[in-house]
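Summary of the model geometry
These are the residues of each chain, in order.
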There are 2 protein chains.
Amino acid sequence: MRLFDYVWSGNCHKVKLFASILSVPLEIVPVDLLAAEHTRPPLSELNAFCELPVLIDGDLVLRDSAAILIYLARRHGGEDWYPSGASDVALVSQWLGTAAANVNFGPALARGAEHFGYPADRAMTSRISDRLFFALEGHLQRRRWLELNRPTLADIAMFPYVAAAPEGGINLTTFPAIQRWIKQIEELPHFIAMPKVPSP
Amino acid sequence: MRLFDYVWSGNCHKVKLFASILSVPLEIVPVDLLAAEHTRPPLSELNAFCELPVLIDGDLVLRDSAAILIYLARRHGGEDWYPSGASDVALVSQWLGTAAANVNFGPALARGAEHFGYPADRAMTSRISDRLFFALEGHLQRRRWLELNRPTLADIAMFPYVAAAPEGGINLTTFPAIQRWIKQIEELPHFIAMPKVPSP
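First, a word on what this report is: a plain description of the structure on this page. From a predicted model like this one, the values you see are computed outputs, not experimental measurements. (Residues numbered from 1 in each chain as written. Chains lettered and ligands numbered in written order. Predicted model: local features only at pLDDT ≥ 70, side-chain atom pairs only at ≥ 80, totals over all residues. Heavy atoms only, no water.)

**Some details on the side chain of Ser9 of chain A**
Residue and element names in this part refer to chain A. Put simply, the rule is: The secondary structure listing takes helices from DSSP runs of H or I that are at least 4 residues long and strands from runs of E that are at least 2 residues long, numbered from the N terminus. Pairs of N or O atoms within 3.5 Å make up the polar contacts considered here, provided that, within protein, one atom can donate a hydrogen while the other can accept it, and that residues adjacent in sequence are counted only when both atoms are side-chain atoms. Contacts are assigned to residue pairs that have any heavy atoms within 4.5 Å of one another.
Here Ser9 is to be found in the loop between strand 1 (2-5) and helix 1 (10-21). Only 3.2 Å separates the side chain of Ser9 from the backbone nitrogen of Asn11, close enough to count as a polar contact. In contact with Ser9, not counting residues within four places along its chain, are Tyr161 and Met194.

**Focus on the pairing of strand 2 (residues 27-30) of chain B**
Residues and elements named next belong to chain B. What counts, and what does not: Any two strands with at least two DSSP bridges between them are considered paired. The handedness of a crossover follows from its direction of travel: if, with the strands pointing away from the viewer, the path from the first strand over the helix to the second runs clockwise, the crossover is right-handed.
Note that strand 1 (residues 2-5) and strand 2 share 4 bridges and pair parallel. Within strand 2, the position partnered with Leu3 by the bridge is Ile28. This β-α-β element, strand 1 to helix 1 (residues 10-21) to strand 2, shows right-handed connectivity.

**Quick look at the packing of helix 4 (residues 86-116) of chain A against helix 3 (residues 65-76) of chain B**
Heads up, the rule is: Whenever a helix is involved, its axis is fitted only over the stretch in contact; in every case the axis is a line through C-alpha atoms, and angles between N-to-C directions fall within 0 to 180 degrees. Here the angle decides the label: under 35 degrees means roughly parallel, over 145 means roughly antiparallel, 65 to 115 means roughly perpendicular, and every other value means oblique. Two helices crossing with the near one rotated counterclockwise from the far one by less than a right angle form a left-handed crossing, whereas a clockwise rotation gives a right-handed crossing. Classes in brief: Ala, Val, Leu, Ile, Met, Phe, Trp, Tyr, Cys and Pro nonpolar; Asp, Glu, Lys and Arg charged; the others, Gly included, polar.
Put simply, helix 4 of chain A and helix 3 of chain B touch, their axes get as near as 8 Å, and they point 165° apart. Put simply, helix 4 of chain A runs roughly antiparallel to helix 3 of chain B. In this structure, helix 4 of chain A crosses over helix 3 of chain B, and the sense of that crossing is right-handed. Side by side, helix 4 of chain A and helix 3 of chain B meet where Ala86, Ser87, Val89, Ala90, Ser93 and Gln94 of chain A of the first sit next to Ala67, Ile70, Tyr71, Arg74 and Arg75 of chain B of the second. Looking at the contact of helix 4 of chain A with helix 3 of chain B residue by residue, the classes come out as 6 nonpolar, 3 polar and 2 charged.

**Side note on the nonpolar core**
Which entries qualify depends on this criterion: By convention a nonpolar core is built from buried Ala, Val, Leu, Ile, Met, Phe, Trp, Tyr and Cys residues, the set being connected through side-chain atoms within 4.5 Å. Relative accessibility under 20% of the residue-type maximum defines a buried residue, over 50% an exposed one, and the middle range a partly exposed one, all with a 1.4 Å probe and only protein chains included.
Ranked by internal contacts, the top residues of the largest apolar core, which has 114 residues, are Trp181 of chain A together with Trp181 of chain B. Leaving out residues up to four positions away in the same chain, Trp181 of chain B has contacts with Leu140, Arg144, Trp145, Leu146, Asp155, Met158, Phe159 and Val162 of chain B.

**A look at the relation of the copies chain A and chain B**
Stated formally: Copy-to-copy superposition: least squares on the C-alpha atoms, limited to residues that have pLDDT of at least 70 in both copies.
With an RMSD of 0.0 Å, chain A superimposes on chain B once it is rotated by 180° and translated 0.0 Å along the axis. Taken together, the rotation and translation describe the operation of a two-fold axis. Among all C-alpha atoms of chain A, that of Ala101 of chain A lies closest to the rotation axis, at 2.4 Å. A share of 100% of the interface residues of chain A reappears at the interface of chain B, consistent with the copies meeting face to face through the same patch.

Below, the structure is given as structure tokens:
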């Protein structure tokens, strides 16, 4: 399996993290986002949305980090990470939606604006982040993991940009339950950390 | 099953549309988003993200439209709409991510800004919409349905805000494949249309 990857992308990191946890080897193909390599062939032909990550497995070309996580879970992780039953799969899927919308356009975009010059409406990223961290803290005050009392794709999908939120100027010290949950994920077997963005 | 619903929300509409297609009855609980009812109890206690839709089925409380679609598909739709196999479920899931991110922060937010005064960075909504409709048109020029040569949750999740894009000032006349795909969905048995926003 080949993963087209950008080293500072949390959406790429969640795929590498999950592959590591499952002990699935990935061939990493680095893409230079800042040089806009994702907007030119071969990337733009593999994914017309010009987004990373992209996974290739034989004839299958997959875009969207959550879709790739689901693929890895179904092929290599059995029922543990992305279950089949109606309620369980729906509960986990809620957080794939939150990661795609609220996380990407909240803390992830704030970090991108701060460090990589992404154009961003900072009032929007703050509004979304405030609501997100409030809701997440409340949820994790009553639970050890996001759903099903065990680590699932919900935790993997949410983790990278929540843990990296301080790089976008978001202070996590007032969110003890979120900090505890970050630590739990860091203690999973075969955990790999996302590299910290170098200070300017 | 009770659905907390906002009549002008495409994310609520996709749940009502899919329930109609599956002939699953829903008890609709209208919520007045413009009066901020979603930010107060009981809604804010059912969903701390203060977003709609929310589905209640017995003890189960679900937020996030894609998660609710997956729940309905698994409970009432068999394997057709959200399959179990690794490649098939991943291919369909790609579009649930696109609906959550690119659609919500592109054409859906443009429509919200235009008609409901949602704060929006219009440069961002245009940039995201341009890429989205370009990629979607190219994809649908080579396929009848988004994935698997049949209607799936991918089509249901993408449909409402793509079809309603003109209400956000996006002209669909230059996208013939998207227009053909919209028509196909409108011809599905038990299709229900989202009401058009009244002109100001």
